[in-house]
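# Survey of secondary and tertiary structure
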Amino acid sequence: SDSDEDKLEQIEAKFDKIIDIPQLCLSPEWRDRLLQISIEFEKTLTPESWYNGKEGLENLKSEFEGKSNSKFCSVDIERILTSSEWQDFLTGLEEEIEAE
């Protein structure tokens, strides 16, 4: 019988093969609006010397862009449930659990 740690490693290995995790993300319009709101808050809450400096707005924009395709997204459960690749993955997990 495999240990729980071995089973977890097997699950992770299977999961790692599925690199396309369907996501639902903010539309470009909403991302742009959220960035503009963030910039306005920065300007309101920080001194001009800070937000015009290298740590200020350019850094904010850069971090925002880096996070906007992950932090502002959620997993698209409907696409996962209708994807044959994901169905195979989930069915395999279910079979492994039932075999215990």
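Residues numbered from 1 in each chain as written. Predicted model: local features only at pLDDT ≥ 70, side-chain atom pairs only at ≥ 80, totals over all residues. Heavy atoms only, no water.

This part takes up the overall build of the protein chain. In terms of helices and strands, the protein chain carries 6 helices and 2 strands. Computed over its C-alpha atoms, the radius of gyration of the protein chain comes to 21 Å, more than 25% above the 13 Å expected for a compact globule of 100 residues. Taking the principal axes of its C-alpha atoms as reference, the protein chain extends roughly 65 × 30 × 20 Å. A total of 100 residues make up the protein chain; the buried ones form 19% of that total. Residue pairs at least 24 apart in sequence account for 68% of intrachain contacts in the protein chain once pairs closer than 6 positions are excluded. (Helix = DSSP H or I, 4+ residues; strand = E, 2+ residues; numbered from the N terminus. Rg over C-alpha atoms; globule rule 2.2 N^0.38 Å. Buried < 20%, exposed > 50% of the residue type's maximum accessible area, 1.4 Å probe, protein only. Contact = heavy atoms within 4.5 Å.)

Ranked by size, the top nonpolar core spans 5 residues in total: Leu35, Ile39, Tyr51, Leu57 and Phe64. Elements represented by at least two residues in this core include exactly α2 (28–45) and α4 (57–68). (Core = buried A, V, L, I, M, F, W, Y, C linked by side-chain atoms within 4.5 Å.)

On the surface, Ile21, Val75, Ile77, Leu81 and Leu90 cluster together into a nonpolar patch covering about 400 Å² of accessible area. Inspection of the secondary structure puts Val75 in strand β2 (residues 73–75). Taking relative accessible area as the criterion, Val75 reaches 40% and is therefore assigned partly exposed. (Patch = residues over 30% accessible without salt bridge, like charges linked within 9 Å, V, L, I, M, F, W, Y side chains within 5 Å. Areas by Shrake-Rupley, 256 points an atom, 1.4 Å probe, with all protein chains shown as cover. Salt bridge = Lys/Arg side-chain N within 4 Å of Asp/Glu carboxyl O.)

Attention shifts here to the packing of α2 against α4. It is the contact of α2 with α4, at a shortest axis distance of 11 Å, that shows an interaxial angle of 150°. When the interaxial angle is binned, α2 and α4 end up roughly antiparallel. Between α2 and α4 the crossing geometry is right-handed. On α4, the residues touching Arg31, Leu34, Leu35, Ser38, Ile39, Glu42 and Lys43 of α2 are Leu57, Leu60, Lys61, Phe64, Glu65 and Ser68. Of the residues contributing to the contact of α2 with α4, the split by class is 6 nonpolar, 2 polar and 5 charged. (Axes fitted to C-alpha atoms, helices over the stretch in contact; angles between N-to-C directions. Parallel < 35°, antiparallel > 145°, perpendicular 65-115°, else oblique. Left-handed = near helix turned anticlockwise from the far one by under 90°. Nonpolar A, V, L, I, M, F, W, Y, C, P; charged D, E, K, R; others polar.)

In this section: a negative patch on the surface. A contiguous patch of negative charge, built from Glu5, Asp6, Glu9 and Glu12, is present on the exposed surface. Locating Asp6 in the fold gives a position in helix α1 (residues 4–17). (Lys, Arg positive; Asp, Glu negative; His and termini not counted. Charge placed at Lys NZ, Arg CZ, Asp CG, Glu CD.)

Moving on: the environment of Glu85. Positionally, Glu85 belongs in helix α6 (residues 84–98). Since its relative accessible area comes to 40%, Glu85 is described here as partly exposed. C-alpha separation for the pair Glu85 and Asp20, spaced 65 residues apart in sequence, amounts to 9.8 Å.

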